[in-house]
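Below are the chains, spelled out letter by letter.
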Amino acid sequence: QVQLVESGGGLVQAGGSLRLSCAASGRTFRSYAMGWFRQAPGKEREFVAGIAWSGGNTYYADFVKGRFTISRDNAKNTVYLQMNSLKPEDTAVYYCAAALSLTKIVHGTYSYWGQGTQVTVSS
């Protein structure tokens with residue numbers, strides 16, 4: 001079992017930055033690829049970023065490339081999402097997720113996910 005708890009969301013002006021964190025419980029954290037997805041009101045869930053268990057491979061949705069960076073610290077059982085140059089359309093609840101491979105993260109086949117953290121970007 002892996003439990004995931006997100007933090008770091010909040011209200012920020014357009015052009016600003018936020019850093020999301022996802023703390024995982026369980027000794028098997030490093031066995032999982034990790035990722036972030038988001039969901040805005042009235043919209044479908046969408047993949048944002050993913051990272052392999054080793055941290056060596058990452059993958060991003062086109063709409064965040066060059067603005068967001070995903071990283072992980074396996075010693076701290078934590079995955080991060082650094083979000084820069086935020087836009088109002090980035091407003092959503094951001095969820096952390098774990099899966100058995102980076103491919104599964106990208107395709108939304110998650111083993112575990114957290115409760116989410118709200119990110120609101122004002123114009």
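Data block above holds the structure.
Residues numbered from 1 in each chain as written. Predicted model: local features only at pLDDT ≥ 70, side-chain atom pairs only at ≥ 80, totals over all residues. Heavy atoms only, no water.

**A few points about the packing of aromatic side chains**
This model, assessed by the stated rule, comprises 4 aromatic pairs. Ring geometry for Tyr 32 and Tyr 112: centres 5.8 Å apart, planes at 75 degrees, overall edge-to-face. Here Tyr 112 lies in strand β10 (residues 112-113) and Tyr 32 lies in the loop between β3 (18-25) and β4 (33-39), a separation of 80 residues in the sequence. Between Phe 47 and Tyr 59, the ring centres sit 6.0 Å apart and the planes meet at 40 degrees, which makes this aromatic pair tilted. (Phe/Tyr/Trp six-rings, centres within 6.5 Å; stacked < 30°, edge-to-face > 60°. Helix = DSSP H or I, 4+ residues; strand = E, 2+ residues; numbered from the N terminus.)

**Remarks on the nonpolar core**
Formed by 41 residues in total, the largest nonpolar core has its most connected members in Leu 4, Met 34, Trp 36, Leu 81, Met 83 and Tyr 94. Elements represented by at least two residues in this core include exactly β3, β4, β5 (46-51), β7 (68-73), β8 (78-83), β9 (92-99), α1 (102-107) and β11 (117-122). Top element by residues in this core is β9. It accounts for 8 residues. Excluding its chain neighbours within four sequence positions, the residues that come into contact with Met 83 are Gly 16, Ser 17, Leu 18, Leu 20, Arg 67, Phe 68, Tyr 94 and Val 119. (Core = buried A, V, L, I, M, F, W, Y, C linked by side-chain atoms within 4.5 Å. Buried < 20%, exposed > 50% of the residue type's maximum accessible area, 1.4 Å probe, protein only. Contact = heavy atoms within 4.5 Å.)

**Quick look at the pattern of salt bridges**
Here the structure, examined in full by the defined rule, presents 4 salt bridges. Two residues, Arg 67 and Asp 90, come together in a salt bridge whose shortest N-O distance is 2.7 Å. Residue Arg 67 is found in the loop between β6 (58-60) and β7, and its partner Asp 90 is found in the loop between β8 and β9; the two are separated by 23 residues along the sequence. According to the relative accessible area criterion, Arg 67 is buried, its value standing at 10%. (Salt bridge = Lys/Arg side-chain N within 4 Å of Asp/Glu carboxyl O.)

**Notes on the state of the cysteines**
Applying the stated criterion across every chain yields a total of 1 disulfide. A sulfur-sulfur separation of 2.1 Å characterises the disulfide bridge that pairs Cys 22 with Cys 96. Its torsion about the S-S bond being -80 degrees, the disulfide of Cys 22 and Cys 96 is classed as left-handed. Taken together, the positions of Cys 22 in strand β3 and Cys 96 in strand β9 put the pair 74 residues apart, joining distant regions of the chain. We classify Cys 96 as buried; its relative accessible area is 0%. (Disulfide = S-S within 2.5 Å.)

**Comments concerning the pairing of β7**
By the alternation rule, side chains of β7 split into Phe 68, Ile 70 and Arg 72, which are all buried, and Thr 69, Ser 71 and Asp 73, of which none is buried. Note that β7 and β8 share 6 bridges and pair antiparallel. Its bridge partner lying in β8, Phe 68 is registered against Met 83. (Pairing = 2+ DSSP bridges.)

**A closer look at the pairing of β5**
In terms of residue burial, β5 counts as a mostly covered element, since 5 of its 6 residues are buried. For β4 and β5, the ladder comprises 5 bridges, and the chain directions are antiparallel. Its bridge partner lying in β5, Arg 38 is registered against Glu 46. Connecting β4 to the next strand, β5, in antiparallel fashion are 6 residues, including Gly 42 with a positive phi near 75 degrees. Count of turn residues in the β5/β6 antiparallel hairpin: 6 residues, of which Gly 55 carries a positive phi of about 85 degrees.

**Regarding the sheet that holds β8**
The 4 strands lie next to each other as β1-β3-β8-β7, forming an open sheet whose pairing is antiparallel. Sheet topology places β1 (3-7) and β7 at the edges, where each strand pairs with a single neighbour. Averaged over all pairs of adjacent strands, the angle between their axes in this sheet comes to 15 degrees, without regard to strand direction. The pairing of β1 with β3 spans 5 bridges and is antiparallel. Looking at β3, one finds that Leu 4 is bridged to Ala 24. (Axes fitted to C-alpha atoms, helices over the stretch in contact; angles between N-to-C directions.)

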